[in-house]
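# Architecture and fold: a report
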Amino acid sequence: MNSSGVSISFTIYRSLAPYNALALAACVLVLYVSCLSLNLLLVLVVWLTPRLHRPMYLLLANLGACGTVGCSAVCPGVLRLLLLPGHRSSLAACLAQVFFTNLYGSGVFCTLALMALDRYVSICRPLHYHAIMTLGRVKLLLLLLYLLLGSTSGVQVLLAWRLPLCRFAVDKLFCDSLSVARLSCRRSLLVGAFGLSAAACLVLLPCVLVLLSYVRIMLVVARTSPESRRKALRTCLPHLLTFFNFSVASFFGLIYSRVSQRVPLSANVLVSVNFLVLPPLLHPLIYGVRTREIRRSLGRTLRLGVAPP
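A short tour of the structure in this document, coming up. (Residues numbered from 1 in each chain as written. Predicted model: local features only at pLDDT ≥ 70, side-chain atom pairs only at ≥ 80, totals over all residues. Heavy atoms only, no water.)

### Digging into the packing of helix α4 (residues 91-124) against helix α6 (residues 135-161)
The N-to-C vectors of α4 and α6 enclose an angle of 150°; their axes lie 9 Å apart at closest approach. In terms of crossing hand, the pair formed by α4 and α6 is right-handed. Residues Leu95, Val98, Phe99, Asn102, Leu103, Ser106, Gly107, Cys110 and Leu114 of α4 touch α6, and the partners they reach there are Leu141, Leu142, Leu145, Tyr146, Leu149, Gly150, Ser153, Gly154, Gln156, Val157, Ala160 and Trp161. Among the residues forming the contact of α4 with α6, the class breakdown is 14 nonpolar, seven polar and no charged. (Axes fitted to C-alpha atoms, helices over the stretch in contact; angles between N-to-C directions. Helix = DSSP H or I, 4+ residues; strand = E, 2+ residues; numbered from the N terminus. Left-handed = near helix turned anticlockwise from the far one by under 90°. Contact = heavy atoms within 4.5 Å. Nonpolar A, V, L, I, M, F, W, Y, C, P; charged D, E, K, R; others polar.)

What follows is the structure, given as structure tokens:
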């Protein structure tokens, strides 16, 4: 299928006609700029601060990079569709959204799994932490991770691109894998099987690893002193909040993708924002508030305009 001449109509934007398009666009712009600024600031603080060049903070910076990809994949497109007449987008742009939203979702879950591994080794095997969680090893894991995620998302987009289309209207604010598959003239077992396999490996498996890590952490911490338990809780709480926040948003996003044609407009907009904007907006705030090293480095960087020595 040649995607160059194919365009997709986003019918949901017609339902937004009673509202002021400029006001809605201003809200999206504020959310996007806020999300982009917070995540890039988090990445910049970690990058410019030498004492934060450690595995945990490298993974945290990667979480910020994932948030940047997620909101940038959708918000500019939503702004364009709000402000331009017709509410249409090319199929190529739609598939690009699919690629980057898939990369964002699976990237966050895999990063959270690596962060859970870091917390597990730090608490359960503290004497071996510096031997196991080296900076070079974490960088290699992230490189391999993004090669895997990029390849998986690329194959999924390629399979969707090859589907013959009979419909050209999407009832969501942006494109996702399921909305593109519903445009096809026929159901493809290959596309469905590949999508389920990718979700199991890149979403379900990381979630299981996070839960198993924390079960083991709780068992070890339960045998320590009250002070050690409080310290472990302070260390793990930002990660737990982040994991819970993103898991809930993803769960509702998954349910919504199956029943989007039967939900009211307000729910459609809310779930879309909840998955792709709110988690990237909240994650830097959670870590900025709860992590003392991040707070100190952020404060000094903002005051001095340079990294602290």
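### Some points on a nonpolar patch on the surface
A contiguous nonpolar patch, built from Leu204, Leu205, Val208, Leu209 and Leu212 and spanning about 450 Å² of accessible area, is present on the exposed surface. Inspection of the secondary structure assignment puts Leu204 in helix α8 (residues 189-221). (Patch = residues over 30% accessible without salt bridge, like charges linked within 9 Å, V, L, I, M, F, W, Y side chains within 5 Å. Areas by Shrake-Rupley, 256 points an atom, 1.4 Å probe, with all protein chains shown as cover. Salt bridge = Lys/Arg side-chain N within 4 Å of Asp/Glu carboxyl O.)

### Observations regarding the nonpolar core
Counting residues in hydrophobic clusters, the biggest one holds 77 residues, and the most contacted among them are Ile8, Tyr13 and Leu60. Looking at which element gives the most residues to this core, the answer is α4, with 17 residues. When near neighbours in sequence (up to four residues on either side) are disregarded, Ile8 contacts His87, Arg88, Ser89, Leu91, Cys94, Phe168, Val170 and Leu183. (Core = buried A, V, L, I, M, F, W, Y, C linked by side-chain atoms within 4.5 Å. Buried < 20%, exposed > 50% of the residue type's maximum accessible area, 1.4 Å probe, protein only.)

### Some details on α4
In this model, α4 (34 residues) spans 49 Å end to end at C-alpha, consistent with the 50 Å of a helix rising 1.5 Å per residue. Across the 34 residues that make up α4, a large majority, 25, are buried. (Expected span 1.5 Å × (residues − 1).)

Purely spatial values, then, with no claim about function.
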